[in-house]
Amino acid sequence: MKVRAILAAAVFLGWGADPAAGLAVEPQQTDELHEEVTELKDAVTGSATDSDVHELAQNLFGRVPGTQIVVAPNLRGWDFPRGIKGQRASVDQLLKSADNRLAFYNGDIPKPLEQAMNYARGMKRDGKVNFDPSLKDNQMGAYIYLVQQKLQLGRIALNRAISYLAAKIGEGLAFSTFIHEAAHADNRANLSVERTIETEIPAFRTQRQWLGIEDPYAEKVCYLRQVMINEQRERPNPDTAMALTYLNHLAEVEDADNDQKIRRMVEKLGYRDGQSSRYGSEVSP
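Computed from a predicted structure; not experimentally measured.

Engineer: Residues and numbers for the packing of aromatic side chains, please.
Structural biologist: Any aromatic ring pair is given by two values, namely how distant the centres are and how the planes are angled relative to each other. In this structure the tally under the stated criterion is three aromatic pairs. Judged by centre distance (5.1 Å) and plane angle (50°), the rings of Phe175 and Phe178 are tilted. Of the two residues, Phe175 and Phe178 are both situated in helix α7 (residues 171–186); the distance of three residues between them amounts to about one turn of the helix. Relative accessible area serves as the criterion here: at 1%, Phe178 is assigned to the buried category. For the ring pair Phe175 and Trp210, a centre distance of 5.1 Å and an interplane angle of 70° mean the geometry is edge-to-face. With Phe175 in helix α7 and Trp210 in helix α8 (residues 196–214), this residue pair connects regions lying 35 residues apart in the sequence. For Trp210, a relative accessible area of 0% gives the class buried. Members of the aromatic cluster, connected to one another through ring pairs, are Phe175, Phe178 and Trp210.

Engineer: Quick one: what's the story with the pattern of salt bridges, residue by residue and with numbers?
Structural biologist: Tallied over the full model, the rule gives 13 salt bridges. A salt bridge links Arg101 to Glu214; the shortest N-O distance between them is 3.7 Å. Residue Arg101 is found in helix α4 (residues 91–104), and its partner Glu214 is found in helix α8; the two are separated by 113 residues along the sequence. The residues Arg101 and Glu214 share a single accessibility class, namely buried. Beyond isolated ion pairs, a larger network of salt bridges with shared partners links Arg101, Glu214 and Lys220.

Engineer: Tell me about the environment of Gly127, residues and numbers included.
Structural biologist: One can find Gly127 in the loop between α5 (111–125) and β3 (129–131). Gly127 gets classed as exposed once you look at its relative accessible area, which sits at 56%. Sequence separation of Gly127 and Ile156 is 29 residues, and the distance between their C-alpha atoms is 9.5 Å.

Calculation rules
- Note that residues are indexed from 1 along each chain, following the sequence as it is written.
- Residues qualify for local features only when their pLDDT is at least 70, as the model is predicted, and side-chain atom pairs are given and counted only at 80 or more; totals for whole chains, interfaces and linings, by contrast, use all residues.
- Based on all heavy atoms of the structure, the side-chain values leave hydrogens and waters out of the count.
- For Phe, Tyr and Trp, rings pair up if their centres lie within 6.5 Å, where Trp contributes its six-membered ring, and each pair is then called stacked (planes under 30 degrees apart), edge-to-face (over 60) or tilted (otherwise).
- Segments assigned H or I by DSSP are reported as helices when at least four residues long, segments assigned E as strands when at least two residues long, and all are numbered from the N terminus.
- Here's how the labels work: a residue is buried when its accessible area is under 20% of the maximum for its type, exposed when over 50%, partly exposed in between, all with a 1.4 Å probe on protein chains only.
- Salt bridges are counted wherever a side-chain nitrogen of Lys or Arg sits within 4 Å of a carboxyl oxygen of Asp or Glu.

These figures come from the coordinates and say nothing about function on their own.
Shown next, in the form of structure tokens:
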């Protein structure tokens, strides 16, 4: 009778299922399972032999592993629409997506980020932001200006890969490079080849402020990294590899929560004082 007692507990407790756990059985299977559970319950509580109960249990529980279970992750990170449309994004779309995210945001926007956004909008309006095919494959963006005229606005060059990245990981995360370069434009009076590392710190700090709004729980980047890892394992392709590299970079930016960490990250990325970087935000391959 030991097997009967165990099965009785399983039947009456519903196998320990939590209705709030977000599990769903395919609708066409629900009635069948309900009928089989009822039949097993009657057998357990009635006069059926243990062998009869065992056979009924095998029929029911033997089918459960083949049942399709749908689990909703309910990640907090997507408190705003994901924005992953699977389509390439224009510069206009990147900026519009960022403005929509900020309009939804219900907190104080850090002053450096607010100023950089103003430059992003103004430079886009004046035709000073574009996709530049001359950028290296691993250089996602650059703020380009003439040293002798650095108080005048230069231009923001974005790698065309940003457009593809937006299709893979969403326009909001892809905007991270755009806001980094806009922060350079805002801080252009302090840009210096001799102090390259020092001038990168405020730009990465502003980029991290943007990520704090776009990915408030640091879950989007984490989740998407795993998605890209799975995709690359099953169907390797250059776009997925690029997206994973970019997300790994964003994860480092998110983790750099003070200037000392940002400095170490900048040095790891290969920036060196005295070397012209065109003030670009680079992603190591």
